[in-house]
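This is what each chain is made of:
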Amino acid sequence: MKIAVLPGDGIGPEIVAQAVKVLNALNLNLTMTEAPIGGAGYEAAGDPLPDATLQLAKDSDAVLLGAVGDWKYDKLERHLRPERGLLRIRKELNLFANLRPALLYPELAGASTLKPEVVSGLDLMIIRELTGDIYFGQPRGISTLENGEREGINTMRYNESEIKRIGRVAFDIAMKRNKKVCSVDKANVLETTELWRQVMIELSAEYPEVELSHMYVDNAAMQLIRAPKQFDVMVTGNIFGDILSDEASMLTGSIGMLPSASLDANNKGMYEPSHGSAPDIAGKDIANPLATILSAAMMLRYTFNDEANAVKVENACKKALAQGYRTADIATEGCHLLGCNAMGDAVVAALN
Ligand code: IPM
Ligand code: MG
């Protein structure tokens, strides 16, 4: 199996190195090849998604990504910015289904900013559509009107087939879980999501065992904080999913705990932590590598169909937490504080 390893920017290289270490420790037959993306791609080839990187990703079975972005690139033209590399690789590889599980490890119940009783036992799967919506809709841009005033435009759009295919992913995953799907939209205001709701209702006829509910995104944002355990699978569009998944990550104690998988129709996938590149703590060996290691576990599960090793990696992360090991973002009184590299070692040690 071939894995394209794209560390990216900021803390990307440090956290990816830990996931690579864990994968190597499993002694599977994996070929891992590194390539630059984001700001690193811009530095290496003047492009946040260099052709060689895209080709490597296309030729691989899976992609392991760190994170992209750094303030120092904020002044570049938009098409040269790190984020554009990430959006392009998602689009080019057709990775339309973004799975972001928010799972609370019992050891971290105290690390969440919410009361332990609100979050303990939380096991939520957010399914975010990743290649459509206002992120990619045309027309877009900033132009100058006749009166000299500038105007910014983005376009929220979804067609039926895009909604259907992400809906199917949600219903299929719900069938393997608690058979509840909550579809999040803003159908009271936005026609795009009125269609979203209609298509979800039509699709639900094919899944009589799954209980489908609908929620407006503003209410969903509130319910996630009020009573997050009411949710099993949540499915939503690109922009709402971006926001709600950051919110959900804090239920688990830290955004440093939230892995993700972005899949195409054939379960080829890109695996990355849900958090960003955190340039402020880059190179300090204090980042939490668990979201990236847990993303590697998702790679084993979804692309390599290797449930046994996926569970092995997840259990090793759990064991390291149970042993009291914590990075700074999830540190609690009396814990054993580790750096990024040492946390990777702790997970490797816990594998056996
Ligand atoms: C994410 C990130 C990206 C997004 C950014 C870095 C472009 O926030 O993966 O959630 O908005 O999708
Ligand atoms: Mg985001």
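Keep in mind that what you see is a predicted model, and the values were worked out from it rather than measured. (Residues numbered from 1 in each chain as written. Chains lettered and ligands numbered in written order. Predicted model: local features only at pLDDT ≥ 70, side-chain atom pairs only at ≥ 80, totals over all residues. Heavy atoms only, no water.)

## Examining the site of ligand 1
Glu 83, Leu 86, Arg 90, Arg 100, Arg 128, Tyr 135 and Asp 242 make up every residue found near ligand 1. Within the side chain of Arg 100, a nitrogen or oxygen atom sits 2.8 Å from an oxygen atom of ligand 1. A distance of 2.8 Å is found between an oxygen atom of ligand 1 and a side-chain nitrogen or oxygen belonging to Arg 128. In isolation ligand 1 offers 320 Å² of accessible surface; the protein chains occlude 77% of this area. Residues lining the shell around ligand 1 come from more than one domain, with at least three contributed by each of domain 1 (1–104 + 255–352) and domain 2 (113–252). (Near = heavy atom within 4 Å. Polar contact = N/O pair within 3.5 Å; in protein donor to acceptor, adjacent residues only side chain to side chain. Areas by Shrake-Rupley, 256 points an atom, 1.4 Å probe, with all protein chains shown as cover. Domains from an automatic or database assignment.)

## Considerations on the sheet that holds strand 2 (residues 31–34)
An order of 2-1-3-12-11-4-5-10-8-9 is seen for the ten strands of this open sheet, with the pairing classed as mixed. The two strands at the open ends of the sheet, each matched to only one other strand, are strand 2 and strand 9 (211–216). Strand-to-strand twist in this sheet, taken as the mean axis angle between neighbours without regard to direction, amounts to 25 degrees. Across three bridges, the pairing between strand 8 (residues 180–185) and strand 10 (residues 233–236) is parallel. Residue pairing in the sheet places Cys 182 in a bridge with Met 234 of strand 10. Its contacts with the sheet put helix 7 (residues 191–204) on strand 5 (123–129), strand 8, strand 9 and strand 10, and the angle it makes with strand 9 is roughly 170 degrees. Across the sheet, helix 8 (residues 217–226) is in contact with strand 5, strand 8, strand 9 and strand 10; its angle to strand 9 comes to roughly 105 degrees. (Pairing = 2+ DSSP bridges. Helix = DSSP H or I, 4+ residues; strand = E, 2+ residues; numbered from the N terminus. Axes fitted to C-alpha atoms, helices over the stretch in contact; angles between N-to-C directions. Contact = heavy atoms within 4.5 Å.)

## A closer look at helix 11 (residues 307–322)
The end-to-end C-alpha distance of helix 11, which contains 16 residues, comes to 22 Å, matching closely the 22 Å that a straight helix rising 1.5 Å per residue would cover. By the burial criterion, the buried members of helix 11 are Asn 309, Ala 310, Val 313, Glu 314, Ala 316, Cys 317, Ala 320 and Leu 321. The arc that holds every buried residue of helix 11, seen down its axis, measures 150 degrees, which confines them to one face. Across from the buried face of helix 11, at angles greater than 90 degrees, the exposed residues are Ala 308 and Ala 322. Against helix 1 (12–25), helix 10 (290–302), strand 13 (325–326) and helix 12 (340–351) lie the buried residues of helix 11. Looking one or two residues past helix 11, Gly 324 carries a phi angle of roughly 95 degrees, positive in sign. (Expected span 1.5 Å × (residues − 1). Buried < 20%, exposed > 50% of the residue type's maximum accessible area, 1.4 Å probe, protein only. Arc of directions from axis to C-beta.)

## Let's talk about the side chain of Glu 247
Mapping Glu 247 onto the fold places it in helix 9 (residues 238–249). Although Glu 247 is buried, it makes no salt bridge; Arg 226 carries the closest opposite charge, 11 Å away. Apart from residues no more than four positions distant in its own chain, Glu 247 is found in contact with Ala 221, Leu 224 and Ile 225. (Lys, Arg positive; Asp, Glu negative; His and termini not counted. Salt bridge = Lys/Arg side-chain N within 4 Å of Asp/Glu carboxyl O.)

## Topic: the domain arrangement of the chain
Here the domain parsing of the chain yields domain 1 (1–104 + 255–352) and domain 2 (113–252). Each of domain 1 and domain 2 has a C-alpha centre, and these two points are 23 Å apart. Taken residue by residue, the interface counts 21 residues in domain 1 and 27 residues in domain 2. Buried area between domain 1 and domain 2, summed over both chains or domains, comes out near 2,200 Å², and the portion from carbon and sulfur atoms is 62%. Area buried by domain 1 at its contact with domain 2 is led by Phe 96, Arg 100 and Leu 104, which between them contribute 32% of it. Along the contact surface separating domain 1 from domain 2 lie zero salt bridges. Our enumeration of links across domain 1 and domain 2 arrives at seven residue pairs in polar contact (both at pLDDT 80 or more). (Buried area = accessible area lost by both parts, 1.4 Å probe.)

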